[in-house]
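Read off the chains here:
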Amino acid sequence: MLLLLIADIPEQAVIFREQSNPLQAVKSLEQALFHEPQNSLYLSELGENYSSLGNLYQAVECYRRAVVLAPYELSLKGRLGRAYLSIDDFERAFQSFAEIRKADSTNVFFNKQYAFAAFRLGKVDMAIRIYEQVVSENPGDFSSHLNLIAIYKRKKDAAKVYESGNRALSVFPSNATLLLRQADALYELKDYERALFPYEKYLAVNDSTFDVLKNYGITLFFCKQEQEAIRVLEKCFLQKAFELNNKKVEVLFEIATTYEEFNFNKTLALNYYNTYLKTAREKAQNADYALERIRKIKEELFFENK
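All figures in this text were calculated on a predicted structure; none of them were measured in a lab. (Residues numbered from 1 in each chain as written. Predicted model: local features only at pLDDT ≥ 70, side-chain atom pairs only at ≥ 80, totals over all residues. Heavy atoms only, no water.)

Q: Before we move on, can you summarise the overall build of the chain with the specific residues and values?
A: Helix and strand counts for the chain come out as 17 helices and zero strands. The contacts of the chain with a sequence gap of at least 6 include a subset with a gap of at least 24, amounting to 46%. Accessible area of the chain: about 16600 Å², with a carbon and sulfur share of 50%. (Helix = DSSP H or I, 4+ residues; strand = E, 2+ residues; numbered from the N terminus. Contact = heavy atoms within 4.5 Å. Areas by Shrake-Rupley, 256 points an atom, 1.4 Å probe, with all protein chains shown as cover.)

In structure tokens, the structure reads:
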């Protein structure tokens, strides 16, 4: 196994690295490689410094050359794989981590990157299988928990979103990011009953945003808590958006379409369409649509009340 020992790296490069001066470290390593062009350790270290500078394609080439020289060093293949990820070359990254996994299928550090590459290539089932292994062996891997929730949402598997979210929350109790990620995923999958609790727990201790309150209000409505839903939506649309900036008149249009889309209350939708047109006047970006919906809603209300 290749040991990347500081003592094996040119002294100047070490000093420059410790001084956070990768540009000078690069020059020192390039000089060392001029004398020892087959030194995989120098190439790997040069790649690290190129990465620090943002010279990602040069870093890739250094790692690639290092791997050719030392094909059995998994650490080098890992660096190469991560470098490919950094330039969005997911196919080559996947190949690099696949080779590592053949030699060592238990390394969670490499496995999580293999799973990510698989996911970006559309190999969703494989990504799930590997991520599940990763969080099983290393439950404290926060980002892998988040990625699993995202993948299950992509698969439209609400039950797994709920399950993986709860598992993550058992490790990171009341974590705001996890609560909101789980709630939003369940909301998008229209699993409102399961979305309600994480939204409530999140909002109990965290500041709300327009989108969170809107989603929470709609979730309440589908959980048959209509009055509370309307209260939350009123707070969401007026206090969080319109009242803070009275130039955001388009939010009135969004309120109206939300009430209408989710069939909360046609009269409220009608009122908001009218308020929108009166407030925005000639600046109304959706005036034609609003006028058409006003006509249609009035017609529907007329027949419903006959």
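Q: I'd love a proper account of the side chain of Gln133, names of residues and values included.
A: Examined against the element boundaries, Gln133 turns out to sit in helix H8 (residues 124-137). Among the polar contacts listed, one links the side chain of Gln133 to the side chain of Arg101, at a separation of 3.0 Å. Setting aside residues no more than four positions away along its own chain, Gln133 makes contact with Arg101, Ser105, Thr106 and Asn111. (Polar contact = N/O pair within 3.5 Å; in protein donor to acceptor, adjacent residues only side chain to side chain.)

Q: A description of the nonpolar core should follow, citing residues and the corresponding values.
A: Leu46, Phe97, Ile151, Tyr199 and Tyr216 are the most contacted members of the largest nonpolar core, which has 75 residues in total. Leaving out residues up to four positions away in the same chain, Leu46 has contacts with Val26, Leu29, Glu30, Leu33 and Cys62. Counting 20 residues, the second largest nonpolar core, distinct from the first, contains Leu268, Tyr276, Ala290 and Leu301. (Core = buried A, V, L, I, M, F, W, Y, C linked by side-chain atoms within 4.5 Å. Buried < 20%, exposed > 50% of the residue type's maximum accessible area, 1.4 Å probe, protein only.)

Q: Tell me what's going on with helix H5 (residues 74-86), and back it up with residues and numbers.
A: The first and last C-alpha atoms of H5 sit 18 Å apart over 13 residues, in line with the 18 Å expected at 1.5 Å per residue. Along its buried surface, H5 packs onto helix H3 (40-53), helix H4 (56-69), helix H6 (90-103) and helix H7 (108-120). Trailing H5 by a residue or two, Asp88 shows a phi angle of about 60°, which is positive. (Expected span 1.5 Å × (residues − 1).)

Q: So what about the pattern of salt bridges? Which residues, and what values?
A: Taken as a whole, this structure holds 12 salt bridges when the rule is applied. The partner of Asp191 in a salt bridge is Arg194, and the shortest N-O contact between them spans 3.3 Å. Since its relative accessible area comes to 16%, Asp191 is described here as buried. The class of Arg194 is partly exposed, set by a relative accessible area of 32%. (Salt bridge = Lys/Arg side-chain N within 4 Å of Asp/Glu carboxyl O.)

Q: I'd like a description of the packing of helix H12 (residues 192-205) against helix H13 (residues 210-222), backed by residues and values.
A: Contact geometry of H12 with H13 gives a least axis separation of 9 Å together with a crossing angle of 135°. Considering the angle they form, H12 stands oblique to H13. Remark: the crossing between H12 and H13 carries left-handed chirality. Of H13, the residues touching H12 (which contributes Tyr192, Glu193, Ala195, Leu196, Tyr199, Glu200, Tyr202 and Leu203) are Val212, Leu213, Asn215, Tyr216, Ile218, Thr219, Leu220 and Phe222. Classifying every residue of the contact of H12 with H13 gives 12 nonpolar, two polar and two charged. (Axes fitted to C-alpha atoms, helices over the stretch in contact; angles between N-to-C directions. Parallel < 35°, antiparallel > 145°, perpendicular 65-115°, else oblique. Left-handed = near helix turned anticlockwise from the far one by under 90°. Nonpolar A, V, L, I, M, F, W, Y, C, P; charged D, E, K, R; others polar.)

Q: Can you lay out the packing of aromatic side chains for me, pointing to particular residues and giving the numbers?
A: Summed over the entire model, instances satisfying the criterion amount to 11 aromatic pairs. Judged by centre distance (5.0 Å) and plane angle (35°), the ring pair of Phe94 and Tyr114 falls under tilted. In this pair, Phe94 sits in helix H6 while Tyr114 sits in helix H7, placing the two residues 20 residues apart along the sequence. With a relative accessible area of 8%, Tyr114 lands in the buried category. Ring centres of Tyr199 and Tyr216 lie 6.3 Å apart, and the angle between their planes is 55°; on these two criteria the pair is classed as tilted. Here the residue Tyr199 occupies a position in helix H12, and Tyr216 occupies one in helix H13, the gap between them amounting to 17 residues. (Phe/Tyr/Trp six-rings, centres within 6.5 Å; stacked < 30°, edge-to-face > 60°.)

Q: Could you give me a rundown of H8, with the residues and numbers involved?
A: Quick reminder: α-helices carry 3.6 residues per turn. Residues three or four places apart thus point the same way. Its 14 residues place the ends of H8 20 Å apart at the C-alpha level, agreeing with the 20 Å of an ideal helix rising 1.5 Å per residue. All of the buried residues in H8 are Val124, Ala127, Ile128, Ile130, Tyr131, Gln133, Val134 and Val135. Contacts from the buried residues of H8 go to H6, H7, helix H9 (142-154) and helix H10 (158-171).

Q: So, the confidence of the model for the chain: which residues are in play, and what are the values?
A: Overall, the prediction assigns the chain a mean pLDDT of 85, with 87% of residues at 70 or greater. Per-element mean pLDDT across the chain ranges from 59 in helix H1 (residues 11-18) up to 97 in H10. Long-range and interchain partners of residues 1-7, a stretch whose pLDDT sits below 50, account for 12 contacts in this model, where long-range means more than four residues apart. (pLDDT = per-residue confidence, 0-100.)

Q: Before we move on, can you summarise the side chain of Arg293 with the specific residues and values?
A: Along the chain, the position of Arg293 falls in helix H17 (residues 287-304). Residues contacting Arg293, with those up to four places away along its chain left out, are Glu260, Tyr273 and Glu300.

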